[in-house]
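What follows is the residue order along each chain.
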Amino acid sequence: MNRRSSQIVVALAIALAGCSDGPAGPGDDVLIGQFGDADTPVQLLAAHAGVTLDLGCGAFFVSEEAAILGNDRAFEVDGKYHPGGFAVGGNLDATVSGTLEQVNFVDFVTVALIIEGGGPAADPLLISLRRGQAYEGDPLPCPA
């Protein structure tokens, strides 16, 4: 998936998520928005209907759980990890956890992706993403 089609998918997901009734109640404090990094092709999309973590080159995590923020501004959602491309072992159980912080009036979310099942894919990915920011680099050299 190239950068432009990825942006279209994210925009469509935001529009659809905004129109649906998610599992979070009206009184829940839910993480909402798009978070990214100008130097890293990772994006987090959070809505009432769930959470998607796009890791680039077709790899992604998806959950139908809303990221409900606790008193400490932390959240955790269970879902599925899809490695993308021709990788073996799609639909692996995984968890994304994180914390929303505000620094100088800018929202940051630090997230950890933990893939269950052992092996090198089980090493957690830990990254900090900024609200409204997106990857600005060259297209990734993804395997064909």
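Quick note: structure is the one above.
Quick caveat: nothing in here was measured; it's all calculated off a predicted structure.

What counts, and where the lines are drawn
- Residues numbered from 1 in each chain as written.
- Predicted model: local features only at pLDDT ≥ 70, side-chain atom pairs only at ≥ 80, totals over all residues.
- Heavy atoms only, no water.
- Pairing = 2+ DSSP bridges.
- Helix = DSSP H or I, 4+ residues; strand = E, 2+ residues; numbered from the N terminus.
- Axes fitted to C-alpha atoms, helices over the stretch in contact; angles between N-to-C directions.
- Salt bridge = Lys/Arg side-chain N within 4 Å of Asp/Glu carboxyl O.
- Buried < 20%, exposed > 50% of the residue type's maximum accessible area, 1.4 Å probe, protein only.
- Core = buried A, V, L, I, M, F, W, Y, C linked by side-chain atoms within 4.5 Å.
- Contact = heavy atoms within 4.5 Å.

Colleague: Explain the sheet that holds strand S4 (residues 59-63) here, please?
Modeller: As a general point, the strands of a sheet are linked pairwise by backbone hydrogen bonds and lie either parallel or antiparallel. Overall, antiparallel pairing links the eight strands, which are arranged S1-S2-S3-S4-S5-S6-S7-S8 in a closed barrel. Across the sheet, the axes of successive neighbouring strands diverge by a mean angle of 30°, strand direction being ignored. Across six bridges, the pairing between strand S7 (residues 106-115) and strand S8 (residues 125-131) is antiparallel. Its bridge partner being in S8, Val-109 is matched across the sheet by Leu-129.

Colleague: Would you mind going over the pattern of salt bridges with me for this structure?
Modeller: Where charged atoms from two side chains of opposite charge come close, those side chains can pair. Summed over all chains, the structure comprises three salt bridges. Measuring nitrogen to oxygen at the nearest pair gives 2.5 Å for the salt bridge that ties Asp-93 to Lys-80. Linking Asp-93 in strand S6 (residues 92-103) with Lys-80 in strand S5 (residues 74-82), this pair joins segments that are 13 residues apart in sequence. Under the relative-accessibility criterion, Asp-93 is labelled partly exposed at 38%. The residue Asp-107 makes a salt bridge to Arg-131 at a minimum N-O spacing of 2.9 Å. Taken as a pair, Asp-107 in strand S7 and Arg-131 in strand S8 lie far apart in primary sequence, 24 residues in all. Overall, Asp-107 belongs to the buried group, its relative accessible area being 17%. Taking the relative accessible area as the measure of exposure, Arg-131 reaches 33% and is therefore partly exposed.

Colleague: Explain unusual backbone geometry here, please?
Modeller: Positive phi outside glycine occurs at Cys-57, with the angle close to 55°. For Cys-57, a relative accessible area of 31% translates into the label partly exposed. Phi at Arg-73 is positive, roughly 65°, even though this residue is not glycine. Within the secondary structure, Arg-73 sits in the loop between S4 and S5. The exposure class of Arg-73 is partly exposed, given its relative accessible area of 31%.

Colleague: Where do I start with the nonpolar core in this structure?
Modeller: It is characteristic of soluble globular proteins that their nonpolar side chains tend to be buried jointly. The biggest cluster of nonpolar side chains holds 24 residues, and the ones touching the most others in it are Leu-31, Leu-44, Leu-53, Leu-113 and Leu-129. Those elements that place two or more of their residues in this core are strand S2 (40-47), strand S3 (50-56), S4, S5, S6, S7 and S8. Of the residues forming this core, the biggest block, four residues, is contributed by S7. Sequence-distant contacts of Leu-113, defined by excluding residues within four places in its chain, comprise Leu-53, Leu-55, Phe-61, Tyr-81, Ala-94, Thr-95, Val-96, Asp-123, Pro-124 and Leu-125.

Colleague: Is there a simple way to explain the environment of Gly-36 in this structure?
Modeller: By the secondary structure assignment, Gly-36 is in strand S1 (residues 33-37). When its relative accessible area of 0% is taken as the criterion, Gly-36 is described as buried. A sequence separation of 93 residues divides Gly-36 from Leu-129, and the C-alpha atoms of the two residues are 4.7 Å apart. Once residues within four sequence positions are removed from consideration, Gly-36 is found in contact with Val-42, Gln-43, Leu-129, Arg-130 and Gln-133.

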